[in-house]
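What follows is the residue order along each chain.
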Amino acid sequence: MTTQHWNIDLSFEEDGTRTACKASLSGPNAPGVEGRGVARRNPDDTPDAKIGEELAAARACSELAHELVGRAAADVESHTHRPANIGM
């Protein structure tokens, strides 16, 4: 049995009304896949950086997951020479 270990790295940029997040995988043999997410604060809401970070991170991780599923589907199709039926 072999063990693989990948890390999800989250980096944030904030400007007071907008929070952007980049999610990327790191580690030996980790695919070069990333996802990005953005959260925007309603001008009428009280500023709370934590909420923006949570939303932006969730959206970035969701995109990262979809990228991984797409990559896996392409790998299945290259091995089977048939359309992959991989759902999310």
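Residues numbered from 1 in each chain as written. Predicted model: local features only at pLDDT ≥ 70, side-chain atom pairs only at ≥ 80, totals over all residues. Heavy atoms only, no water.

Per an unreviewed UniProt entry, the protein chain goes by the name DUF1876 domain-containing protein and belongs to Streptomyces pacificus.

Q: Can you lay out the overall build of the protein chain for me, pointing to particular residues and giving the numbers?
A: Counting its regular elements, the protein chain contains one helix and three strands. Secondary structure elements of the protein chain occur, N-terminal to C-terminal, as β-β-β-α. Across its three principal axes, the protein chain shows a C-alpha extent of roughly 55 × 25 × 15 Å. Within the protein chain, contacts between residues separated by at least 24 positions form 36% of all contacts whose residues are at least 6 apart in sequence. For the protein chain, the exposed surface amounts to about 6,500 Å²; the carbon and sulfur share of it is 51%. In the protein chain, the 9 positive side-chain charges and the 14 negative ones have mean positions that sit 3 Å from each other. (Helix = DSSP H or I, 4+ residues; strand = E, 2+ residues; numbered from the N terminus. Contact = heavy atoms within 4.5 Å. Areas by Shrake-Rupley, 256 points an atom, 1.4 Å probe, with all protein chains shown as cover. Lys, Arg positive; Asp, Glu negative; His and termini not counted. Charge placed at Lys NZ, Arg CZ, Asp CG, Glu CD.)

Q: Before we move on, can you summarise the pattern of salt bridges with the specific residues and values?
A: Applying the stated criterion across every chain, the model contains three salt bridges. Taking the shortest distance from any N to any O, the salt bridge between Glu34 and Lys22 comes out at 3.8 Å. Taken as a pair, Glu34 in strand β3 (residues 34-40) and Lys22 in strand β2 (residues 18-26) lie far apart in primary sequence, 12 residues in all. The partly exposed category is assigned to Glu34, whose relative accessible area is 36%. Accessibility expressed as a relative area gives 27% for Lys22, which makes it partly exposed. The closest approach of N and O atoms between Lys50 and Glu54, which form a salt bridge, is 3.9 Å. (Salt bridge = Lys/Arg side-chain N within 4 Å of Asp/Glu carboxyl O. Buried < 20%, exposed > 50% of the residue type's maximum accessible area, 1.4 Å probe, protein only.)

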